[in-house]
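Structural overview
Listed below, chain by chain, are the residues.
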Amino acid sequence: MFSFQVNQKTDAVYILGLVQQLFYRLSYIERPQLIRAKVPILKFRDKVSGVEFDLNVNNVVGIRNTFLLRTYAYIEKRVRPIILVIKKWARHHGINDASRGTLSSYSLVLLVLHYLQTLPEPVIPCLQKAYPESFNPSMDIHLVPNGPRDIPPYTSKNDSTLGDLLLGFLKYYSTVFNWEKSMISVREAKALPRPNYKDWKNKYICVEEPFERSNTARAVHEKMKFDTIKAEFMESWQLLQAKKDLNFILPVRATIQKR
């Protein structure tokens, strides 16, 4: 981790471009793609493990939110699997690609965490409220990895199964959450009224970045894409509710058979 500043529009793109050229020469790296977003990233896949990566250059807020998300995954055993299933579902339905105007993986994760925080019996707490000293946005970047190391596991009174939580997640964003008036805030563990300034005005989906408080879902800038996202939530919720079988919204049997 470096302390010097990198211009994300020029320096970061140049550095990632060099890495991309190197990756083209490596037989075990697949599909290196440079995404020229507000924070440029190089997306690639390791053929051996099948793991997909997003690489950025000196994105300080990315380091902070990495340790926040990692802690959420650590404190409650249902967080990691429900996120993995929802990301696979979103990718299968074509709504998990910020470069094509849909939701980034980061925004999807924040959607899941927000849902888990706002249930009548929360599955997870608000870490930034419960442990403000561990997730202080002004903490020296070199101290960030040690910030959450002493946070204990969370004991939730909510005993919902992963299936219950998946169905509830789809229902929440299909019928409960007000996309037009509300902003998702994991930092506050609730839906907040939409701010009325540039990063939020006239945006279809508003998801607050927990540290720098920008809109992580700004890539969804076309009404057609927004309508597609909402339709996928609604259709999947109705199908899963009626059939009670994950294969109707995510063909897991086919995936297992391929392996």
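Higher on the page you've got the structure.
A few points on the structure. (Residues numbered from 1 in each chain as written. Predicted model: local features only at pLDDT ≥ 70, side-chain atom pairs only at ≥ 80, totals over all residues. Heavy atoms only, no water.)

**Focus on the pattern of salt bridges**
Here is the rule: Any Lys or Arg side-chain nitrogen found within 4 Å of a carboxyl oxygen on Asp or Glu counts as a salt bridge. Strands are runs of DSSP state E lasting at least 2 residues, helices are runs of H or I lasting at least 4, and numbering of each runs from the N terminus. The classification of residues rests on relative accessible area computed with a 1.4 Å probe and restricted to protein chains. Under 20% of the type maximum is buried, over 50% is exposed, and intermediate values are partly exposed.
In this structure the tally under the stated criterion is 11 salt bridges. Residue Glu52 pairs with Arg31 through a salt bridge whose shortest N-O separation is 3.4 Å. Of the two residues, Glu52 is situated in strand β3 (residues 52–55) and Arg31 in strand β1 (residues 29–35); the sequence distance between them amounts to 21 residues. Among the residues examined, Glu52 registers a relative accessible area of 40% and is labelled partly exposed.

**A look at the pairing of strand β2 (residues 41–46)**
Under the convention used in this document: For two strands to count as paired, DSSP must find a minimum of two bridges between them.
The sheet contact formed by β1 and β2 spans five bridges and is antiparallel. Each bridged residue has a counterpart across the sheet, and for Gln33 the counterpart in β2 is Lys43. Connecting the antiparallel pair β1 and β2 is a turn made up of five residues. Looking at chain direction, β2 and β3 are connected through four bridges and run antiparallel. Bridged to Leu42 within β3 is Leu55.

**Topic: the environment of Leu162**
Operational definition: What makes two residues a contact is simply this: any of their non-hydrogen atoms within 4.5 Å.
Here Leu162 lies in helix α6 (residues 162–176). Taking C-alpha positions, Leu162 is 14 Å from Pro122, a pair spaced 40 residues apart along the chain. Ignoring any residue separated from it by four or fewer positions in sequence, one finds Leu162 in contact with Arg78, Pro81 and Ile82.

**With respect to the nonpolar core**
Rules: By nonpolar core is meant a set of buried Ala, Val, Leu, Ile, Met, Phe, Trp, Tyr and Cys residues that side-chain atoms within 4.5 Å join together.
Judged by nonpolar contacts, the single largest core of 49 residues is most densely connected at Leu111, Leu116, Phe169, Leu170, Tyr173, Ile205 and Phe233. When contributions to this core are tallied by element, the ones reaching two or more residues are α2 (60–75), α3 (79–92), α4 (105–117), α6 and α7 (223–243). Apart from the residues within four sequence positions on either side, Tyr173 is in contact with Leu111, His114, Tyr115, Trp179, Ile184 and Phe233. Membership of the second largest hydrophobic core comes to nine residues, among which are Leu16, Phe23, Ile29 and Val57.

**Focus on empty space enclosed by the protein**
Threshold: A pocket here means an open set of points on a 1 Å grid, computed over the protein atoms alone, that has protein on both sides within 12 Å along at least five of seven lines. A cavity is instead a set of points where a 1.4 Å probe fits but cannot get out; residues with an atom within 4 Å of a point line either one. Grid points are joined across faces, edges and corners, and a volume is the space filled by probe spheres set on the points. Three classes are used, and their members are as follows: Ala, Val, Leu, Ile, Met, Phe, Trp, Tyr, Cys and Pro are nonpolar, Asp, Glu, Lys and Arg are charged, and the others, Gly among them, are polar.
For the coordinates displayed, the defined rule picks out one cavity of 30 Å³ or more. Of the pockets and cavities examined, the largest cavity occupies roughly 50 Å³. Looking at the largest cavity, the residues that line it are Arg64, Phe67, Ser134, Phe135, Asn136, Met139, Val144 and Phe211. For the lining of the largest cavity, the residue count by class is five nonpolar, two polar and one charged.

**Describing the sheet that holds β3**
Formally: Angles shown run from 0 to 180 degrees and are taken between the N-to-C directions of axes, each axis being a line fitted to C-alpha atoms and, for helices, limited to the stretch in contact.
Spatially, β1-β2-β3 is the arrangement adopted by the three strands of the open sheet, whose pairing is antiparallel. Among the strands making up the open sheet, the edge pair consists of β1 and β3. Strand-to-strand twist across the sheet, computed as the mean angle between neighbouring axes with direction ignored, equals 15 degrees. In the packing of helix α1 (residues 11–24) onto the sheet, contacts are made with β1, β2 and β3, and the angle to β1 comes to roughly 160 degrees.

**Observations concerning the state of the cysteines**
Two cysteines whose sulfur atoms are joined by a covalent bond form what is called a disulfide. Quick reminder of the rule: When two cysteine sulfur atoms lie within 2.5 Å, the pair is treated as a disulfide.
Counted according to the given criterion, the structure contains zero disulfides. Cys206 takes part in no disulfide bond, and the closest cysteine sulfur to it belongs to Cys126, at a distance of 19 Å.

**Section: the packing of aromatic side chains**
Where we set the bar: Under the pairing criterion, centres of Phe, Tyr and Trp rings, with the six-membered ring standing for Trp, must be within 6.5 Å; the plane angle then separates stacked pairs below 30 degrees from edge-to-face pairs above 60, leaving the rest tilted.
Tallied over the entire structure, the rule returns 16 aromatic pairs. Between Tyr173 and Phe233 the ring centres are 5.7 Å apart and the planes differ by 55 degrees, which places this aromatic pair in the tilted class. Highlighted residues: Tyr173 in helix α6 and Phe233 in helix α7, separated in sequence by 60 residues. The exposure class assigned to Phe233 is buried, which follows from its relative accessible area of 0%.

**Concerning the environment of Ile229**
As for its placement among the helices and strands, Ile229 is situated in helix α7. Sequence separation of Ile229 and Thr175 is 54 residues, and the distance between their C-alpha atoms is 13 Å. Ile229 has contacts with Ile95, Thr102, Leu103, Ile205 and Val220, leaving out every residue within four places of it along the chain.

**Description of the side chain of Ser214**
Going by this rule: Throughout this description, a polar contact denotes any pair of N or O atoms lying within 3.5 Å of each other; where both atoms belong to protein, one of them has to be capable of donating a hydrogen while the other can accept it, and for residues adjacent in sequence the pair is counted only when both atoms sit in side chains.
As for its position among the elements, Ser214 is in the loop between β5 (190–193) and α7. For Ser214, the side chain forms a polar contact with the side chain of Glu212, separated by 3.0 Å. Apart from the residues within four sequence positions on either side, Ser214 is in contact with Lys38, Asp199, Trp200, Val207, Glu208 and Glu209.

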